Amino acid sequence: MSSDDLIHISPRQTPVINRLHDCMEQAVAYAAAIRDNAQDEGHPIPPELLISFSADYDRIIAALTDATAPRAR
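The rules we used
Residues numbered from 1 in each chain as written. Predicted model: local features only at pLDDT ≥ 70, side-chain atom pairs only at ≥ 80, totals over all residues. Heavy atoms only, no water. Helix = DSSP H or I, 4+ residues; strand = E, 2+ residues; numbered from the N terminus. Rg over C-alpha atoms; globule rule 2.2 N^0.38 Å. Buried < 20%, exposed > 50% of the residue type's maximum accessible area, 1.4 Å probe, protein only. Areas by Shrake-Rupley, 256 points an atom, 1.4 Å probe, with all protein chains shown as cover. Lys, Arg positive; Asp, Glu negative; His and termini not counted. Charge placed at Lys NZ, Arg CZ, Asp CG, Glu CD. Salt bridge = Lys/Arg side-chain N within 4 Å of Asp/Glu carboxyl O. Patch = residues over 30% accessible without salt bridge, like charges linked within 9 Å, V, L, I, M, F, W, Y side chains within 5 Å. Expected span 1.5 Å × (residues − 1).

A. Geometry of the overall build of the chain. The helix and strand tally for the chain stands at two helices and zero strands. For 73 residues, the compact-globule estimate of 2.2 N^0.38 gives 11 Å, and the C-alpha radius of gyration of the chain, at 17 Å, exceeds that figure by more than 25%. Dimensions of the chain, computed from the C-alpha atoms along their principal axes, are close to 50 × 35 × 20 Å. Per-residue burial for the chain yields a buried fraction of 1% across its 73 residues. When the accessible surface of the chain is split by element, carbon and sulfur atoms take 60% of a total near 6,900 Å². Both charge centroids of the chain, one from 6 positive and one from 11 negative side chains, sit 13 Å from each other.

In structure tokens, the structure reads:
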């Protein structure tokens with residue numbers, strides 16, 4: 001990848017974005033483990049739990065969407 005293809009992230013954002021990336025990678029692994037356990041046990045997670053996780057995901061996406069067009073303070 002050439003330097004022209006790199007995404008510009010401010011020095012202030014870099015550690016926060018890196019941390020979010022790490023957390024998201026862990027979340028994907030945890031979700032896979034929950035899936036595997038549910039399949040192995042033949043016992044699904046409650047629909048309410050899925051709805052709760054989905055709402056969490058929606059809040060993350062909303063915050064990141066707002067970050068793509070920040071308002072001046």
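That shown, we press on.
B. Seen up close, the pattern of salt bridges. Summed over all chains, the structure comprises two salt bridges. Among the ionic pairs, Arg35 bridges to Asp36, the shortest N-O distance being 3.1 Å. We classify Asp36 as partly exposed; its relative accessible area is 33%. Asp56 is the partner of Arg59 in a salt bridge, and the nearest nitrogen-oxygen pair spans 2.2 Å.

C. Region of interest: a nonpolar patch on the surface. On the surface, a nonpolar cluster with roughly 480 Å² of combined accessible area is contributed by Leu20, Met24, Tyr57, Ile60, Ile61 and Leu64. Looking at the nonpolar patch, the elements that each hand over two or more residues are α1 (14–41) and α2 (47–67). Take the nonpolar patch: its biggest share by element is four residues, from α2. In this fold, Leu20 is placed in helix α1.

D. Here's a closer look at α1. Counted at 1.5 Å a residue, the expected span for α1 with its 28 residues is 40 Å, and the 40 Å between its end C-alpha atoms agrees. Just beyond α1, the residue with positive phi is Gly42, at close to 65°.

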